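Here is how the chains run, residue by residue.
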Amino acid sequence: MIQIEKLKKVYDNGYEALKNINLEINEGELVCLLGPSGCGKTTILNLLAGLLDPTSGEIKFDGESVINKHPKDRNIGLVFQNYALYPHMTVLENIMFPLTVGKNKMPKNEAMEIAKKYMKITSIEELADKKPGNMSGGQQQRVAITRALVQNPKVLLLDEPLSNLDARLRLKIREEIRRLVKEIGITTIFVTHDQEEALSISDRIVLMNQGIVQQFDIPQNLYLEPANLFVAQFMGNPIINIYEMKKEGNVLKGENFSIDLSLLNKDRFKADLTEENYVVGIRPEYFVTSENPLFNVEIETVELIGKDCILNFKTNGVNSKSIVDVNDRIKEKDNVGFDIDYNGIYLFQENGVRVY
Ligand SMILES: Nc1ncnc2c1ncn2[C@@H]1O[C@H](COP(=O)(O)OP(=O)(O)OP(=O)(O)O)[C@@H](O)[C@H]1O
């Protein structure tokens, strides 16, 4: 198990990259560190690996502090986005290499046996005699992961390992990574800025912004139960629709549509609505076309994405999106009536705190 307690990192120039990180990652869990560029994902990974020293706070592996341990004594496997393979060595030599150096170095034939065992697990046996320069990005990434695994590390750390691959290969390799790390049962931390990648492979996701953990949760909850406005806006494609609305009695008032608060589920309120202004979030799939609509709009543009269509329109003075089935055959300039499925409404205070 990995415990991160009150972890802070202030860089030499005074920049506070991590503010107060607390995380507990279970044995065998696959956790993604997700967030926009600069939020501190790589900083956490480098602190776990021992490539950086924290300003304060604690990191424990299996209950034991690793803060003062050298990277090579932490029993971690590291994979970076640029693979970092040795170009003059064959694949087999690259994978054997970590076993043949350092204080636990083993005889070559033993190292070769272990390397071949792992190459079988990662299905790269046929690449054994190739040099990295003659391989595709996906193949190089498989080799880099295999090289990290041969040392039988306790923790596998992957920093944007798929970012140099094309879209189709990313899908394939991310499935492979999940299958592989689950098969081996290794605790894995995977850095990405791609929400879809994180949603598809993680047991749990750490969503960060500006050096602060915004939510640490299972993938479904990040989408369905966002902790705050940042999470609601970060997760989801197309992005959630956002409206600033004024509370008048039991209604949040808008120009084209209002929200009747008495129709909301009383059990989902997290606080009383005592303020004047609220931010309403409505996911695009919860604007549903209706014969008996709450409001009508003219569709500005239509984006076809496979079986779904994104409809762009303006309502309550804001550019908005709905996602509907391609079979609805809605076109630009069509006048469409929408209803709101109240199951898809979120309310936030102006400071981003979720209240419903
Ligand atoms: N050596 C350094 N000195 C000063 N600031 C740094 C240093 N390294 C990183 N930072 C800053 O710390 C913040 C966090 O950086 P980090 O690399 O952890 O972000 P990230 O979430 O991994 O971003 P990306 O997705 O772009 O790699 C950024 O604002 C970055 O500019």
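No experiment lies behind these values; they were computed from the predicted model shown. (Residues numbered from 1 in each chain as written. Predicted model: local features only at pLDDT ≥ 70, side-chain atom pairs only at ≥ 80, totals over all residues. Heavy atoms only, no water.)

S.K.: How should I be thinking about helix H5 (residues 167-184) in this particular structure?
M.R.: Residue pairs spaced three or four apart in an α-helix point in one direction, given the helix's 3.6 residues per turn. Here H5 contains 18 residues, and its C-alpha end-to-end distance of 26 Å stays within 8% of the 26 Å for a straight helix at 1.5 Å per residue. Among all positions of H5, only Arg 170, Ile 173, Arg 174, Glu 176, Ile 177, Leu 180 and Val 181 are buried. Down the axis of H5, the sector holding all buried residues measures 165°, keeping them to one side. Residues Arg 168, Glu 175 and Glu 183 are exposed on H5 and point more than 90 degrees away from its buried face. Where the residues of H5 are buried, they touch strand S3 (30-34), helix H3 (108-121), helix H4 (137-149), strand S7 (155-159), strand S8 (187-192) and helix H6 (195-201). (Helix = DSSP H or I, 4+ residues; strand = E, 2+ residues; numbered from the N terminus. Expected span 1.5 Å × (residues − 1). Buried < 20%, exposed > 50% of the residue type's maximum accessible area, 1.4 Å probe, protein only. Arc of directions from axis to C-beta. Contact = heavy atoms within 4.5 Å.)

S.K.: Whenever I open this one, the UniProt feature "domain: ABC transporter" (unreviewed entry) in the protein confuses me. Can you help?
M.R.: UniProt tags residues 2-235 as "domain: ABC transporter" (unreviewed entry). With 34% helix and 25% strand, residues 2-235 has end C-alpha atoms that lie 26 Å from one another. (UniProt positions renumbered as here; feature names shortened; annotations may be inferred.)

S.K.: Help me understand unusual backbone geometry in this model?
M.R.: With an omega dihedral of 0°, the bond running from Asn 237 to Pro 238 counts as a cis peptide bond. Along the polypeptide, Pro 238 turns up in the loop between helix H8 (229-234) and strand S11 (241-248).

S.K.: It is not clear to me how H4 should be interpreted in this structure. Could you clarify?
M.R.: Taking 1.5 Å as the rise per residue, H4 with 13 residues should run 18 Å; its terminal C-alpha atoms sit 18 Å apart, in good agreement. For H4, the tally of buried residues reaches 11 of 13 residues, placing the bulk of the element in the interior. Within the sequence span of H4, burial applies to Gly 138, Gln 140, Gln 141, Arg 142, Val 143, Ala 144, Ile 145, Thr 146, Arg 147, Ala 148 and Leu 149. Each element contacted by the buried residues of H4 is listed here: strand S6 (76-79), helix H2 (91-96), H3, S7 and H5.

S.K.: What is the right way to look at the nonpolar core in this model?
M.R.: Grouped burial of nonpolar side chains is what soluble globular proteins tend to show. If you look at the biggest cluster of nonpolar residues, it comprises 43 residues, and the most contacted ones within it are Val 91, Ile 95, Val 143, Leu 156, Ile 177 and Phe 190. Among the elements that line this core, the one with the most residues is H4, at five residues. Formed by 28 residues, the second largest nonpolar core is a distinct cluster that contains Ile 282, Phe 287, Val 297 and Val 336. (Core = buried A, V, L, I, M, F, W, Y, C linked by side-chain atoms within 4.5 Å.)

S.K.: So what exactly am I meant to see when it comes to the domain arrangement of the protein here?
M.R.: Many structure descriptions define interface size as the accessible area lost when the parts assemble. Once the domains are mapped, the protein shows domain 1 (2-233) and domain 2 (240-348). Listed as interface residues are nine residues of domain 1 and, on the opposing side, eight residues of domain 2. A combined buried area of about 760 Å² lies between domain 1 and domain 2, and 54% of that area is made up of carbon and sulfur atoms. In terms of surface lost to domain 2, no three residues of domain 1 exceed Tyr 223, Leu 229 and Ala 232, which account for 59% of the buried area on that side. At the boundary of domain 1 and domain 2, one finds four residue pairs in polar contact (both at pLDDT 80 or more). Those elements giving two or more residues to the side of domain 1 that touches domain 2 turn out to be helix H7 (219-224) and H8. (Domains from an automatic or database assignment. Buried area = accessible area lost by both parts, 1.4 Å probe. Polar contact = N/O pair within 3.5 Å; in protein donor to acceptor, adjacent residues only side chain to side chain.)

S.K.: Can you help me understand the side chain of Thr 315 in this one?
M.R.: Secondary-structure assignment places Thr 315 in strand S18 (residues 308-315). The residues touching Thr 315, leaving out its near neighbours within four places in the chain, are Tyr 243, Asn 256, Phe 257, Phe 295, Val 297 and Ser 320.

S.K.: For this particular structure, what's the right way to read the packing of H4 against H5?
M.R.: How two helices pack is summed up by the angle between their axes together with the distance between the axes. Viewed as axis vectors pointing N to C, H4 and H5 meet at an angle of 15°, and their least axial separation amounts to 11 Å. In terms of orientation, H4 lies roughly parallel with respect to H5. Between H4 and H5 the crossing geometry is right-handed. Between H4 and H5, the contacting residues are Gly 138, Arg 142, Ile 145 and Leu 149 on the first element and Leu 169, Lys 172, Ile 173, Glu 176, Ile 177, Leu 180 and Ile 184 on the second. A per-class count over the contact of H4 with H5 returns seven nonpolar, one polar and three charged. (Axes fitted to C-alpha atoms, helices over the stretch in contact; angles between N-to-C directions. Parallel < 35°, antiparallel > 145°, perpendicular 65-115°, else oblique. Left-handed = near helix turned anticlockwise from the far one by under 90°. Nonpolar A, V, L, I, M, F, W, Y, C, P; charged D, E, K, R; others polar.)

S.K.: Explanation requested: the site of the ligand in the structure shown.
M.R.: Lining the immediate environment of the ligand, one finds 13 residues, of which Ser 37, Gly 38, Lys 41, Thr 42 and Thr 43 sit closest. Note that an oxygen atom of the ligand is positioned 2.9 Å from one of the backbone N or O atoms of Gly 40. Contact between the ligand and Lys 41: an oxygen atom at 2.9 Å from a side-chain N or O atom of the residue. Within the complex, 62% of the 630 Å² of free accessible area of the ligand lies under protein. Sorting elements by how many residues they give to the shell around the ligand places helix H1 (residues 41-49) first, with three residues. (Near = heavy atom within 4 Å. Areas by Shrake-Rupley, 256 points an atom, 1.4 Å probe, with all protein chains shown as cover.)

S.K.: Hey, could you run me through the packing of aromatic side chains in this one?
M.R.: For the structure on display, the rule yields 13 aromatic pairs. Summarising the aromatic geometry, the rings of Phe 287 and Phe 313 are spaced 5.8 Å apart at their centres and angled 70° between planes, so their arrangement reads as edge-to-face. Pair noted here: Phe 287 is in strand S15 (residues 287-289) and Phe 313 is in strand S18, with a separation of 26 residues, a long-range link. Note on accessibility: Phe 287 and Phe 313 belong to one class, buried. Relative to Phe 338, the ring of Phe 287 has its centre 6.0 Å away and its plane inclined at 50°; by these criteria the two rings are tilted. Note that Phe 287 is positioned in strand S15 and Phe 338 in strand S20 (residues 335-340), a separation of 51 residues in sequence. Look at Phe 287 and you get buried, because its relative accessible area is 0%. Joined through ring pairs, the aromatic side chains of Tyr 243, Phe 257, Phe 287, Phe 295, Phe 313 and Phe 338 make up one cluster. Lying over the aromatic face of Tyr 356, Arg 268 brings its terminal NZ or CZ to 4.8 Å of the ring centre. Positioned above the aromatic ring of Tyr 223 is the side chain of Arg 283, whose terminal nitrogen or guanidinium carbon lies 4.0 Å from the ring centre. (Phe/Tyr/Trp six-rings, centres within 6.5 Å; stacked < 30°, edge-to-face > 60°. Lys NZ or Arg CZ within 6 Å of the ring centre and 35° of its normal.)

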